[in-house]
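The lines below spell out each chain.
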Amino acid sequence: MISGTYISTGDYTTLLQSEGVKHIVMGITFCNSHDTSGEFIDLHAVTSGDNAGGHNLLLKNLYLPPEETYSMHQRIVLGNEEKIVAKTAGAVHSNSIVNAVTTYTKLDGLG
């Protein structure tokens, strides 16, 4: 399955949240669509009831140059209500500059 979304600046954007069944994140691809400005991305794996912070940080200040793409191929298992969230620094622009495409599969009834 595929889920695509623009990453917000300042506030965390949920890229994928597991509800009711486990999910395996197969990969996340980030694309900076701006033609002249780079952007910084933070990515977190957040457990149910928790918030994004240093203790669940996967990527910090990942620099994405203008019109470039970064692919992360790490597998991540999400339990019920766990999620992957990201935000951009937004130093130059706000919203609709960096998008993320997350590929995943559901573990229906497999534990």
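Everything quoted here is computed from the prediction, not taken from an experiment.

Reading the values: the criteria
- Residues numbered from 1 in each chain as written.
- Predicted model: local features only at pLDDT ≥ 70, side-chain atom pairs only at ≥ 80, totals over all residues.
- Heavy atoms only, no water.
- Helix = DSSP H or I, 4+ residues; strand = E, 2+ residues; numbered from the N terminus.
- Rg over C-alpha atoms; globule rule 2.2 N^0.38 Å.
- Buried < 20%, exposed > 50% of the residue type's maximum accessible area, 1.4 Å probe, protein only.
- Contact = heavy atoms within 4.5 Å.
- Areas by Shrake-Rupley, 256 points an atom, 1.4 Å probe, with all protein chains shown as cover.
- Lys, Arg positive; Asp, Glu negative; His and termini not counted.
- Charge placed at Lys NZ, Arg CZ, Asp CG, Glu CD.
- Polar contact = N/O pair within 3.5 Å; in protein donor to acceptor, adjacent residues only side chain to side chain.
- Core = buried A, V, L, I, M, F, W, Y, C linked by side-chain atoms within 4.5 Å.
- Phe/Tyr/Trp six-rings, centres within 6.5 Å; stacked < 30°, edge-to-face > 60°.

Trainee: Please clarify how the overall build of the protein should be interpreted in this entry.
Mentor: When helices and strands are tallied, the protein shows zero helices and nine strands. Counted from the first residue to the last, the protein has its helices and strands arranged as β-β-β-β-β-β-β-β-β. Against the compact-globule benchmark of 13 Å for 111 residues, the protein has a radius of gyration of 14 Å, which places it among compact chains. A principal-axis box enclosing the C-alpha atoms of the protein has dimensions of 45 × 25 × 20 Å. Here the protein, with 111 residues, has 36% of them falling under the buried criterion. Excluding contacts between residues fewer than 6 apart, the proportion of contacts in the protein whose partners are at least 24 apart in sequence is 79%. Accessible surface, the protein as shown: approximately 5,900 Å² in total, 47% of it carbon and sulfur. Of the side chains in the protein, 6 bear a positive and 11 a negative charge, and the two mean positions are spaced by 8 Å.

Trainee: Could you clarify how one ought to interpret the side chain of H23 in this entry?
Mentor: For H23, the location among the structural elements is in strand β3 (residues 22-32). Of note is the side chain of H23, whose polar atom sits 3.2 Å from the backbone oxygen of V21. Residues contacting H23, with those up to four places away along its chain left out, are L16, Q17, S18, I76, V77, L78, Y104, T105 and K106.

Trainee: Got a minute to help me understand the nonpolar core in this structure?
Mentor: Among soluble globular proteins, nonpolar side chains are generally buried collectively. The biggest cluster of nonpolar side chains holds 20 residues, and the ones touching the most others in it are L15, I28, F30, L43 and I84. Elements supplying a minimum of two residues to this core: β2 (13-17), β3, β4 (39-46), β5 (57-64), β7 (76-78), β8 (83-88) and β9 (98-107). Residues in contact with L15, not counting those within four places in the same chain, are S3, T5, I7, I28, F30, L43, I84, V85, A86, A100 and T102.

Trainee: What am I meant to see in the packing of aromatic side chains here?
Mentor: Geometry of an aromatic ring pair is reported as the spacing of the ring centres plus the angle between the planes. Scanning the entire structure with this criterion turns up one aromatic pair. The interplanar angle of 50° and the centroid separation of 5.1 Å between the aromatic rings of F40 and Y63 together place this pair among those described as tilted. Separated by 23 residues along the polypeptide, F40 in strand β4 and Y63 in strand β5 bring together distant segments of the chain. Relative accessible area serves as the criterion here: at 43%, Y63 is assigned to the partly exposed category.

Trainee: How should I be thinking about the environment of N99 in this particular structure?
Mentor: The residue N99 is located in strand β9 in this model. The class for N99 is partly exposed, based on a relative accessible area of 21%. Separated by 68 residues in sequence, N99 and C31 place their C-alpha atoms 5.4 Å apart. Apart from residues no more than four positions distant in its own chain, N99 is found in contact with T5, Y6, I7, T29, F30 and C31.

None of the figures reported here should be taken as evidence of function without further support.
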